[in-house]
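Summary of structural features
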Amino acid sequence: HVVMDVATGKILLQDGGTQKIQQASLTKVMTQILTFDALRAGTLRFDQDIVFTSNAYPRDKMTQGWVHSGGRPGQRIDIDTALKMITVRSANDV
């Protein structure tokens, strides 16, 4: 855990704060909510492409969803596909 003062960026308390852990499902749900908000607002479209970057490329099998479907860095997928991958395959890499 990490407790940070958002106004100053100062770390107030931490225990294992630099340890890498897997994304939680809540993170994916929050991503979906923000995506649907943008779709409703018209700032994003279902057919709009995003690029699957090497930064999103999973380093372990637990986070692979897009990769298991043949995805590779540099490939483009549309928002509709990305949402399905996050929802159905629980794809952290999307």
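Whatever comes next refers back to the structure up there.
Okay, so let's go over this structure.

What counts and how
- Residues numbered from 1 in each chain as written.
- Predicted model: local features only at pLDDT ≥ 70, side-chain atom pairs only at ≥ 80, totals over all residues.
- Heavy atoms only, no water.
- Helix = DSSP H or I, 4+ residues; strand = E, 2+ residues; numbered from the N terminus.
- Buried < 20%, exposed > 50% of the residue type's maximum accessible area, 1.4 Å probe, protein only.
- Contact = heavy atoms within 4.5 Å.
- Core = buried A, V, L, I, M, F, W, Y, C linked by side-chain atoms within 4.5 Å.
- Axes fitted to C-alpha atoms, helices over the stretch in contact; angles between N-to-C directions.
- Parallel < 35°, antiparallel > 145°, perpendicular 65-115°, else oblique.
- Left-handed = near helix turned anticlockwise from the far one by under 90°.
- Nonpolar A, V, L, I, M, F, W, Y, C, P; charged D, E, K, R; others polar.

Attention shifts here to the overall build of the protein chain. Within the protein chain, the regular secondary structure consists of 2 helices and 4 strands. Along the chain direction, N to C, the helices and strands of the protein chain fall in the order β-β-α-β-β-α. In the protein chain, which comprises 94 residues, the proportion classed as buried is 24%. In the protein chain, of all internal contacts separated by at least 6 residues, the share reaching a separation of at least 24 is 50%.

Counting residues in hydrophobic clusters, the biggest one holds 5 residues: Ala38, Leu39, Leu44, Ile79 and Leu83. Residues within four places of leucine 83 in sequence aside, it is in contact with Gln32, Thr35, Phe36, Leu39 and Phe46.

As a further point, take the packing of helix H1 (residues 25-41) against helix H2 (residues 79-88). Packing of H1 against H2 leaves a shortest axis separation of 10 Å and a crossing angle of 155°. As summarised for this structure, H1 and H2 are arranged roughly antiparallel, according to the angle between their axes. Regarding H1 and H2, the two cross each other, and that crossing is left-handed. Between H1 and H2, the contacting residues are Lys28, Thr31, Gln32, Thr35, Phe36 and Leu39 on the first element and Ile79, Leu83, Ile86 and Thr87 on the second. Tallied by class, residues from the contact of H1 with H2 come to 5 nonpolar, 4 polar and 1 charged.

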